[in-house]
Amino acid sequence: MSNPRLKVVLTRRLPDAVETRMRELFDAELNLKDVPFDRAALEAAVQRADVLVPTITDEIDASLIAGAGDQLKMIANFGAGVDHIDIDAAVARQIIVTNTPGVLTEDTADLAMSLILAVSRRIVEGAQVVAEGRFEGWTPTWMCGRKLWGKRLGIVGMGRIGQALARRARAFGLQVHYHNRKPVSPRIEEELGATYWDDLDQMLSRMDLISLNCPATKDTHHLLSAERLARLQPHAILVNTARGELIDEAALSDAVARRGIAGVGLDVYEHEPAIHPGLLGHPNVVLLPHLGSATLEARQDMGDRVIANVMTFQNGHRPPDRVIPAML
Ligand code: 8YV
């Protein structure tokens, strides 16, 4: 006899094909309005869901988890980052947390590389000049950006996305440097041609370009503090496609104002969707609306991972993408 269908509550709309499949496999409750759940809606959802499928727009904190009904057995996050979920609180209640690793790696690395190119070569600024009818003809000295070939890129966080960025960066002739909790294996280091820096401060002060590719945790909150930002070379460019909390945004806007940094490319923000006003309106600051995994293919694949995790659980097995592998 097959297992009973789990009640799966989705907090946001997911790609059509994902929702259709979820309805076939589970007792799925969709959020057809696609309005983020407010606190009351989240509290009600954890009272009826066997499986909650949240996204980054949901704060799944300790008190929400503590107030969940006994039927809540799994939080199957649609996304790789789980910093919006209190994992310890979930573990304490024996609630399994899964995510969607791997399937958004290449797309997020593409976006990091795009920001590096956009800021270095003034692409957004140039497009605006044309769109506003201000292009009056080529001149030898106008709109010059910075060459990439031969420059030093420092990658902070050499996980899947950091490595995918390193591969792209090599193809652009960049010298790859990285800081990580520990060095990657010698085989990967050799493949990437990457140089390890144990000391983040030292690496930051020597790089032409810096990309943040590590998760947001309590240890990485404001990793780029005012003090660290002050270490950057004035010609340095910083891009962040990871999490806004990694940077002290007020300090970054000060650095932009005092020209302590040459350019910034951000896809994520400390208080998303709010953006520090000091970062707005600068031609050398390119701001995107959290597009890292925003391709049709990645979003479908992310949905497929959620389905695979929930289906495995419904069948009585350990879901493949458990954030804490030891669980269950
Ligand atoms: C996702 C992301 O789209 O997966 C992640 O961690 O940052 C995004 O690209 C988002 O988290 C969806 O929940």
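Here the residue index of a chain counts from 1 through its sequence in written order. Where totals are concerned, whole chains, interfaces and linings use all residues; where local detail is concerned, this predicted model gives features only for residues with pLDDT of at least 70, and gives and counts side-chain atom pairs only at 80 or more. Neither water nor hydrogens contribute to the side-chain values; these are computed over all heavy atoms in the structure.

Brief notes about the overall build of the protein
Let me state the cut-off plainly: Helix and strand definitions follow DSSP, with helices as H or I runs of at least four residues and strands as E runs of at least two, each counted in order from the N terminus. Every radius of gyration here is taken over C-alpha atoms, with the globule rule written as 2.2 Å times N^0.38, N being the number of residues. Only protein chains enter the accessibility calculation, which uses a 1.4 Å probe; a residue is then buried when its area is under 20% of its type maximum, exposed when over 50%, and partly exposed in between. Residue contacts are counted whenever heavy atoms from the two residues lie within 4.5 Å of one another. Per-residue and other accessible areas were derived by the Shrake-Rupley procedure at a 1.4 Å probe size, with only the shown protein chains allowed to occlude residues.
On a plain count of helices and strands, the protein comes out with 12 helices and 12 strands. Here the C-alpha atoms of the protein give a radius of gyration of 22 Å, agreeing with the 20 Å that 2.2 N^0.38 yields for 328 residues. Projecting the C-alpha coordinates of the protein onto the three principal axes gives extents of approximately 75 × 50 × 35 Å. Within the span of the protein, comprising 328 residues, buried residues form 48% of the whole. Excluding contacts between residues fewer than 6 apart, the proportion of contacts in the protein whose partners are at least 24 apart in sequence is 59%. Taken as a whole, the protein presents about 15,900 Å² of accessible surface, with 54% of it coming from carbon and sulfur.

A look at the UniProt feature "domain: D-isomer specific 2-hydroxyacid dehydrogenase NAD-binding" (unreviewed entry) in the protein
Just so we agree on the cut-off: UniProt positions are given in the numbering used here, feature names are shortened, and annotations may be inferred rather than shown by experiment.
The positions UniProt marks with the feature "domain: D-isomer specific 2-hydroxyacid dehydrogenase NAD-binding" (unreviewed entry) are residues 113–292. The straight-line gap between the two end C-alpha atoms of residues 113–292 is 11 Å; of that span, 31% is helix and 15% is strand.

Thoughts on the UniProt feature "domain: D-isomer specific 2-hydroxyacid dehydrogenase catalytic" (unreviewed entry) in the protein
UniProt's entry tags residues 17–323 with the feature "domain: D-isomer specific 2-hydroxyacid dehydrogenase catalytic" (unreviewed entry), counted in the numbering of this structure. Taken end to end, residues 17–323 is 37% helix and 13% strand, and its two terminal C-alpha atoms sit 25 Å from one another.

Looking at the packing of aromatic side chains
Put simply, the rule is: Between rings of Phe, Tyr and Trp, where Trp is taken as its six-membered ring, a pair exists when centres lie within 6.5 Å; planes separated by under 30 degrees are stacked, by over 60 edge-to-face, and by other angles tilted.
Enumeration over the complete set of coordinates arrives at two aromatic pairs. Geometrically, the ring pair formed by Phe135 and Trp142 is stacked, given 6.1 Å between the ring centres and 10° between the ring planes. With a relative accessible area of 49%, Phe135 lands in the partly exposed category. Where Tyr178 meets Tyr196, the ring centres are 5.2 Å apart and the plane angle is 50°; that geometry is what we call tilted. Remark: Tyr196 occurs in strand E8 (residues 195–196) and Tyr178 occurs in strand E7 (residues 175–179); sequence separation between them is 18 residues. Judged by its relative accessible area of 0%, Tyr178 falls in the buried class.

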